[in-house]
Amino acid sequence: MTGLESSRPKPLKIGEIAVANRVLLAPMSGVTDAPFRRLSAALGAGLVVSEMTASDDLVNGKPMSRLRCEAAGIGPHVVQLAGCQTHWMSEGAKVAEAAGADIIDINMGCPARHVTGGQSGSALMRDLDHALKLIEATIAAVKVPVTLKMRLGWDDRSHNAPELARRAEAAGVQMITVHGRTRCQFYKGEADWGAVRAVKDAITVPLVVNGDITSFEKAVRALEMSGADAVMVGRGAQGQPWLPGQIGRQLETGKAESTPDLAEQLAHIRALYDEVCRLYGLRVGLKHARKHLGWALEIAAQCSGAPAEKLKTWRQNILTSEDPHRVHRSLQDAFDDFAWSAAA
Ligand SMILES: Cc1cc2nc3c(=O)[nH]c(=O)nc-3n(C[C@H](O)[C@H](O)[C@H](O)COP(=O)(O)O)c2cc1C
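Definitions and cut-offs
- Residues numbered from 1 in each chain as written.
- Predicted model: local features only at pLDDT ≥ 70, side-chain atom pairs only at ≥ 80, totals over all residues.
- UniProt positions renumbered as here; feature names shortened; annotations may be inferred.
- Helix = DSSP H or I, 4+ residues; strand = E, 2+ residues; numbered from the N terminus.
- Rg over C-alpha atoms; globule rule 2.2 N^0.38 Å.
- Buried ≥ 20, exposed ≤ 12 C-beta atoms within 10 Å, placed from the backbone.
- Contact = placed C-beta atoms within 7 Å.
- pLDDT = per-residue confidence, 0-100.

As named in an unreviewed UniProt entry, the protein chain is tRNA-dihydrouridine synthase, taken from Bradyrhizobium lablabi. The record in UniProt for the protein chain states the following under Sequence similarities (unreviewed entry): "Belongs to the dus family." In its Function (unreviewed entry) section, the UniProt record describing the protein chain reads: "Catalyzes the synthesis of 5,6-dihydrouridine (D), a modified base found in the D-loop of most tRNAs, via the reduction of the C5-C6 double bond in target uridines."

Here it is, written out as structure tokens:
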């Protein structure tokens, strides 16, 4: 064995499922729809996770919850479930498994008031005994591996992620992701990757560190500080579905890659736009795709050094249009315009 091979971290596995590399795309409601996950996986993300779905909605067949769990079609299919009742969690997990999920992820990290108010998401970090009942019910309901995503704790006085992680592993959870903030921080301040190390010390299953990882350098630092086995990228991938893959490859090879050029970026956003409109139908799809369009324009403007005024005009033009043909034409014109800025 060469020195390089011996210093290489072990390949990431969730149960028997091999993960392509050490960078995961985070679940993000309203963002990581199936077309976005498909694109990010095709561009090299190690693993992509569905948007959170309320377990009762999934069991009751709410059309939107089915769409949220749609498979990306590349790599393992990870469905994230939220809920606060053992019955719905176990039934939801069965529905997801029957629909093709390879892994079920449980959400114990969502800070939103409408979620914690219903005692789901990060509210479960205030009642670990109940959290464990939900975890046990989910694991008992399915054959596929179950993973867990959480925060550091509810607030600064209760960093109980290590305890929840340890108990979750004992119950059979096969990978744990920790966002290095407390629930009460929401998205304020900076993610504390160092604080995630206490979770690493408490478990033997793979640990994923999450929060504010937007570059290769930050990924390396987060891995060093937390001792985690992998990183998860969320907001950094908005408008840049290639980012998890790019960081993942650089972690494997050490070789830096340049950002896709404007022509590639244009091809990606066009394909994503069409797929989102197809998945949701034109009426809902047009609204849903706007976020992706806005972020893609921002990234393209940033890459080309286009002035803020230009970005504003194109955003206004494209995000208000309800005609897909016009959107396609305007995207071409906008990217041509950005290319002029880059060349100037
Ligand atoms: C718009 C948005 C939606 C999110 N939806 C979910 C979700 O459905 N499930 C979940 O576990 N976390 C969700 N998160 C949290 C992210 O998965 C991630 O933990 C958080 O954004 C921190 O990572 P980042 O700094 O890389 O974005 C969401 C975050 C954002 C910004």
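Q: Is there a simple way to explain the overall build of the protein chain in this structure?
A: A count of helices and strands for the protein chain gives 15 helices and 10 strands. At 20 Å, the protein chain has a C-alpha radius of gyration in line with the 20 Å of a compact globule built from 344 residues. Once the C-alpha set of the protein chain is aligned to its principal axes, its extents read approximately 60 × 55 × 40 Å. Looking at the 344 residues of the protein chain, the share that counts as buried comes to 51%. In the protein chain, the proportion of contacts linking residues at least 24 apart, taken out of those at least 6 apart, comes to 68%.

Q: Help me understand the confidence of the model for the protein chain in this model?
A: Caution is warranted with low-pLDDT regions, since their predicted coordinates should not be read in detail. Per-chain confidence: the protein chain averages 96 in pLDDT, with 98% of residues scoring 70 or above. Confidence over residues 1–6 falls short of pLDDT 50; this stretch has one contact with residues more than four positions distant or in other chains.

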